[in-house]
Structures are given as structure tokens and as C-alpha cells.
Amino acid sequence: MCTAMNANLPKYELLALSLQSLIESHEYPPGFKLPSIRQLSEQRRCSIETVQRALNLLEDRGLINPIAKSGFLVADRSNLLSHSCSDPTQEWVAEEPLE
């Protein structure tokens, strides 16, 4: 992630992008339990509110799932629907799993 390109983004968005990168690179694979909000706050040297907002963004994007009183797990996105951006009239279609 290029910091210069993202310099105008709020801290929570930068944190969300950083975590999203770890998820998409499979450093945080599906089912991986993210560090706690407090741990992320300490590791990334930001407020708990910043971490919560970043995690909310990732949840909204379908990248993580909250687990009550346990934390957040990286979502398994292998069965998600795909959509081609090149043709806005195209129907949503299920991706075939890789075998």
C-alpha cells in the first residue's frame, strides 16, 4: 500500500486497508482469528475507536465475521457470488469452486 496515495484517508480506513491486505494475501487465511481490539490498538498505536471503525468496515465488506464475546474471524469467501464490473447488466453468478 502506497502511503502517499492514501495520506488523505482517515486512520480507520488506512487500518482497514492494511488488514484487508493481510486477508487478501492469505497471511490471515479464512477462519483466522484476528488479534483482539485492544491488541490491535496497541500493535498499531491507535485508539480502540479507530480499530472498531476499521473492523466495522471490514465486516461491511464481508471480509470478517464477528463472533460474540470471542472476536473476529476472517470470512470464508470461497462461496461468494461474483459480478463482472465490465457489464453492469450482467447477472450475479456463483463462482465454481476450484478443485
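Report follows, based on the coordinates.

Cut-offs and rules
- Residues numbered from 1 in each chain as written.
- Predicted model: local features only at pLDDT ≥ 70, side-chain atom pairs only at ≥ 80, totals over all residues.
- Heavy atoms only, no water.
- Phe/Tyr/Trp six-rings, centres within 6.5 Å; stacked < 30°, edge-to-face > 60°.
- Lys NZ or Arg CZ within 6 Å of the ring centre and 35° of its normal.
- Core = buried A, V, L, I, M, F, W, Y, C linked by side-chain atoms within 4.5 Å.
- Buried < 20%, exposed > 50% of the residue type's maximum accessible area, 1.4 Å probe, protein only.
- Helix = DSSP H or I, 4+ residues; strand = E, 2+ residues; numbered from the N terminus.
- Salt bridge = Lys/Arg side-chain N within 4 Å of Asp/Glu carboxyl O.
- Expected span 1.5 Å × (residues − 1).
- Contact = heavy atoms within 4.5 Å.

**Brief notes about the packing of aromatic side chains**
The full count for this structure, using the stated rule, is one aromatic pair. An angle of 20 degrees between the planes, with centres 4.4 Å apart, marks the rings of Tyr28 and Phe32 as stacked. Over the face of the ring belonging to Tyr12 we find Arg53, whose NZ or CZ atom lies 4.0 Å from the ring centre.

**A word on the nonpolar core**
If you look at the biggest cluster of nonpolar residues, it comprises 18 residues, and the most contacted ones within it are Leu19, Tyr28, Leu34, Leu55, Leu58 and Ile64. Of all elements in the fold, only α1 (11-24), α3 (48-60) and β2 (71-74) reach the threshold of two or more residues within this core.

**Concerning unusual backbone geometry**
One non-glycine residue, His26, lies in positive phi territory at about 70 degrees. Relative to the helices and strands, His26 resides in the loop between α1 and α2 (37-44). For His26, a relative accessible area of 53% puts it in the exposed group. The backbone of Lys69 sits at a positive phi, close to 55 degrees, despite the residue not being glycine.

**A few points about the pattern of salt bridges**
Going through the model one piece at a time under the given rule, you end up with one salt bridge. A salt bridge links Arg61 to Glu13; its shortest N-O distance comes to 2.8 Å. Of this pair, Arg61 sits in the loop between α3 and β1 (64-67) while Glu13 sits in helix α1, and the two are 48 residues apart along the sequence. A residue is classified by how much of its surface remains accessible, and Arg61, at 33% relative accessible area, is partly exposed.

**Overview of α1**
Here α1 is 14 residues long and its end C-alpha atoms lie 20 Å apart, about the 20 Å a rise of 1.5 Å per residue gives. The inward-facing, buried residues of α1 contact α2, α3, β1 and β2. A positive backbone phi angle near 70 degrees is found at His26, which sits one or two residues after α1.

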